[in-house]
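# A look at the structure
For reference, the chains in residue letters:
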Amino acid sequence: MSLSSVLSADAIDSALKDCQAPDSFTPKKFFQLCGLTKKSPQEVKNVFNILDNDASGFIEEEELKFFLQRFSAGARVLTDKETKAFLAAADDDSDGKIGVDEFQAMVLS
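In this report, we go over the structure that sits alongside the text. In this text, all values refer to a predicted model and were calculated from it rather than measured experimentally.

Backbone geometry places Asp23, a non-glycine residue, at a positive phi of 65°. Tracing the sequence through the fold places Asp23 in the loop between helix H1 (9-18) and helix H2 (27-33).

The tally for this structure, following the rule as stated, stands at 4 salt bridges. Asp18 is the salt-bridge partner of Lys29, the closest N and O atoms lying 3.3 Å from each other. On the criterion of sequence distance, the pair formed by Lys29 in helix H2 and Asp18 in helix H1 is long-range, its members being 11 residues apart. In this structure Asp18 comes out as partly exposed when scored by relative accessible area, which is 33%. Ionic pairing is found between Arg76 and Glu82, a salt bridge with its closest N-O pair at 2.6 Å.

Attention now moves to helix H3 (residues 41-51). Since the α-helix advances by 3.6 residues per turn, residues separated by three or four positions end up pointing in the same direction. Every buried residue belonging to H3 is among Val44, Asn46, Val47, Phe48, Ile50 and Leu51, and all of these are buried. In this structure, the buried residues of H3 make contact with strand S1 (58-60), helix H4 (61-65), helix H5 (67-71), strand S2 (97-99) and helix H7 (100-108).

To continue, consider the side chain of Asp91. For Asp91, the location among the structural elements is in the loop between helix H6 (80-90) and S2. The buried charged residue Asp91 lacks any salt bridge, with Lys97 as its nearest oppositely charged partner at 8.8 Å. Among the polar contacts listed, one links the side chain of Asp91 to the backbone nitrogen of Ser94, at a separation of 3.2 Å. If we ignore the near neighbours within four places in the chain, the residues touching Asp91 are Gly96, Lys97 and Glu102.

Turning our attention to the nonpolar core. Membership of the largest hydrophobic core comes to 31 residues, with the highest contact counts inside it found for Phe30, Phe67, Phe71 and Phe103. The residues contacting Phe103, other than those within four sequence positions of it, are Phe31, Leu36, Val44, Val47, Phe48, Leu51, Ile59 and Ile98.

Taken together, the buried positions of H7 are Glu102, Phe103, Gln104, Met106 and Val107. The inward-facing, buried residues of H7 abut H2, H3, S1, H6 and S2.

So, about the environment of Glu60. Tracing the sequence through the fold places Glu60 in strand S1. Expressed as a C-alpha distance, the spacing of Glu60 and Gly96, which sit 36 residues apart in the sequence, is 7.0 Å. Here Glu60 is in contact with Asp54 and Lys97, once residues within four sequence places are set aside. A polar side-chain atom of Glu60 sits 2.8 Å from a polar atom in the side chain of Ser56.

As a further point, take the packing of aromatic side chains. What the rule picks out here adds up to 12 aromatic pairs. Between Phe67 and Phe86, the aromatic rings sit 5.0 Å apart at their centres with planes inclined by 85°, giving edge-to-face as the arrangement. Here the residue Phe67 occupies a position in helix H5, and Phe86 occupies one in helix H6, the gap between them amounting to 19 residues. This pair shows no difference in class: Phe67 is buried, exactly as Phe86 is. Three or more aromatic residues joined by ring pairs form one cluster here, namely Phe25, Phe30, Phe31, Phe48, Phe67, Phe71, Phe86 and Phe103. Over the ring of Phe58 we find Lys97, and its NZ or CZ is 4.3 Å from the ring centre.

Cut-offs applied
Residues numbered from 1 in each chain as written. Predicted model: local features only at pLDDT ≥ 70, side-chain atom pairs only at ≥ 80, totals over all residues. Heavy atoms only, no water. Helix = DSSP H or I, 4+ residues; strand = E, 2+ residues; numbered from the N terminus. Salt bridge = Lys/Arg side-chain N within 4 Å of Asp/Glu carboxyl O. Buried < 20%, exposed > 50% of the residue type's maximum accessible area, 1.4 Å probe, protein only. Contact = heavy atoms within 4.5 Å. Lys, Arg positive; Asp, Glu negative; His and termini not counted. Polar contact = N/O pair within 3.5 Å; in protein donor to acceptor, adjacent residues only side chain to side chain. Core = buried A, V, L, I, M, F, W, Y, C linked by side-chain atoms within 4.5 Å. Phe/Tyr/Trp six-rings, centres within 6.5 Å; stacked < 30°, edge-to-face > 60°. Lys NZ or Arg CZ within 6 Å of the ring centre and 35° of its normal.

Structural data, given as structure tokens:
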């Protein structure tokens, strides 16, 4: 399964264009622009599984750095500041990684 099976290519492009500049990435805005906030909990879970590069059941800080590149290979990596802010915003249990329930809560809230 690929992200384009859940989200439209145009929506992904729009979301990526909005955060091209370093330190301009905001998870909530990105999820809205790419259309993820309008998807079902199962579709959000499917996207989580695609983003969980090592299939550990969590998105760790190292995977978050390359978050945008999972949407498009030519996208930039997140800055350390963006990565840490993203992790802090979604990591409700403070275990240093984002689980599927935390990801769904962040996207669908």
